[in-house]
Amino acid sequence: QVQLVESGGGLVQPGGSLRLSCAASGSIFSINNMGWYRQASGKQRELVAEITWGTTINYADSVKGRFTISRDNAKNTVYLQMNSLKPEDTAVYYCRFSTWSRDDYWGQGTQVTVSS
């Protein structure tokens, strides 16, 4: 059974930084895309950033220049470095892995709160 375990969320002041991690446990093969999504209270879940096996990267316009996604294929782990955080970045952040055989896996979510 595959599980995605996220860590690194928390409370941070505006302008601060956080680094999220998401690691897969269990037998998971041929991961293609790794991505981060977020869902703010009362809003729909949205894509934050994604990175393909070929390291093509896509960011939401709202986080370009502030967030950096990276992956470690040997560890089946994806990271999201978040700098210059704003109150509007407050949300539950979810990781998602998609395999070449079109299986989708989601993490349980980690809360990020940006507030003074």
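**Remarks on the pairing of strand S1 (residues 3-7)**
It is a general feature of regular strands that their side chains alternate between the two faces of the sheet.
Move 1: The alternating pattern of S1 places Leu4 and Glu6 on a buried face, while none of Gln3, Val5 and Ser7, on the opposite face, is buried.
Move 2: Bridge count for S1 against strand S3 (residues 18-25) is 5 bridges, and the pairing is antiparallel. Each residue of the ladder has a partner; that of Gln3, found in S3, is Ser25.

**A closer look at the sheet that holds strand S7 (residues 67-72)**
Strand pairing in a sheet takes place through backbone hydrogen bonds and is either antiparallel or parallel in direction.
Move 1: Pairing within the open sheet is antiparallel, and its 4 strands lie in the order S1-S3-S8-S7. Only two strands of the sheet have a single partner each, and these edge strands are S1 and S7. Taking each pair of neighbouring strands and ignoring which way they run, the sheet shows an average axis angle of 15°.
Move 2: Here S7 runs beside strand S8 (residues 77-82); their pairing, made up of 6 bridges, is antiparallel. Looking across to S8, one finds that Arg71 is bridged to Val78.

**Brief notes about the nonpolar core**
Move 1: With 29 residues, the main nonpolar core has Trp36, Val78, Leu80, Met82, Tyr93 and Phe97 as its most contacted residues.
Move 2: Those elements that provide at least two residues to this core are S3, strand S4 (31-39), strand S5 (46-51), S7, S8, strand S9 (91-99) and strand S11 (110-114).
Move 3: Beyond its immediate chain neighbours, meaning those up to four positions away, Tyr93 contacts Glu6, Leu20, Trp36, Tyr37, Arg38, Val48, Phe67, Leu80, Met82, Gly109, Thr110 and Val112.

Analysis parameters
- Residue positions are given per chain, counted from 1 along the sequence in the order it is written.
- Confidence filtering applies because this is a predicted model: local features only for residues at pLDDT of at least 70, side-chain atom pairs given and counted only at 80 or more, and all residues used for totals across whole chains, interfaces and linings.
- The basis for the side-chain values is all heavy atoms of the structure; hydrogens and waters are excluded.
- The cut-offs for exposure are 20% and 50% of the maximum accessible area for each residue type, with area from a 1.4 Å probe on protein chains only; residues under the lower value are buried, those over the upper are exposed, and the others partly exposed.
- Secondary structure elements follow DSSP: runs of H or I of four or more residues count as helices, runs of E of two or more count as strands, with numbering from the N terminus.
- Any two strands are treated as partners once DSSP identifies two or more bridges connecting them.
- Between N-to-C directions, angles cover 0 to 180 degrees, with each direction set by a line fitted to C-alpha atoms, over the stretch in contact for helices.
- Residue types Ala, Val, Leu, Ile, Met, Phe, Trp, Tyr and Cys, when buried and joined through side-chain atoms within 4.5 Å, form a set referred to as a nonpolar core.
- Working rule for contacts: check all heavy atoms of both residues, and any pair within 4.5 Å makes them a contact.

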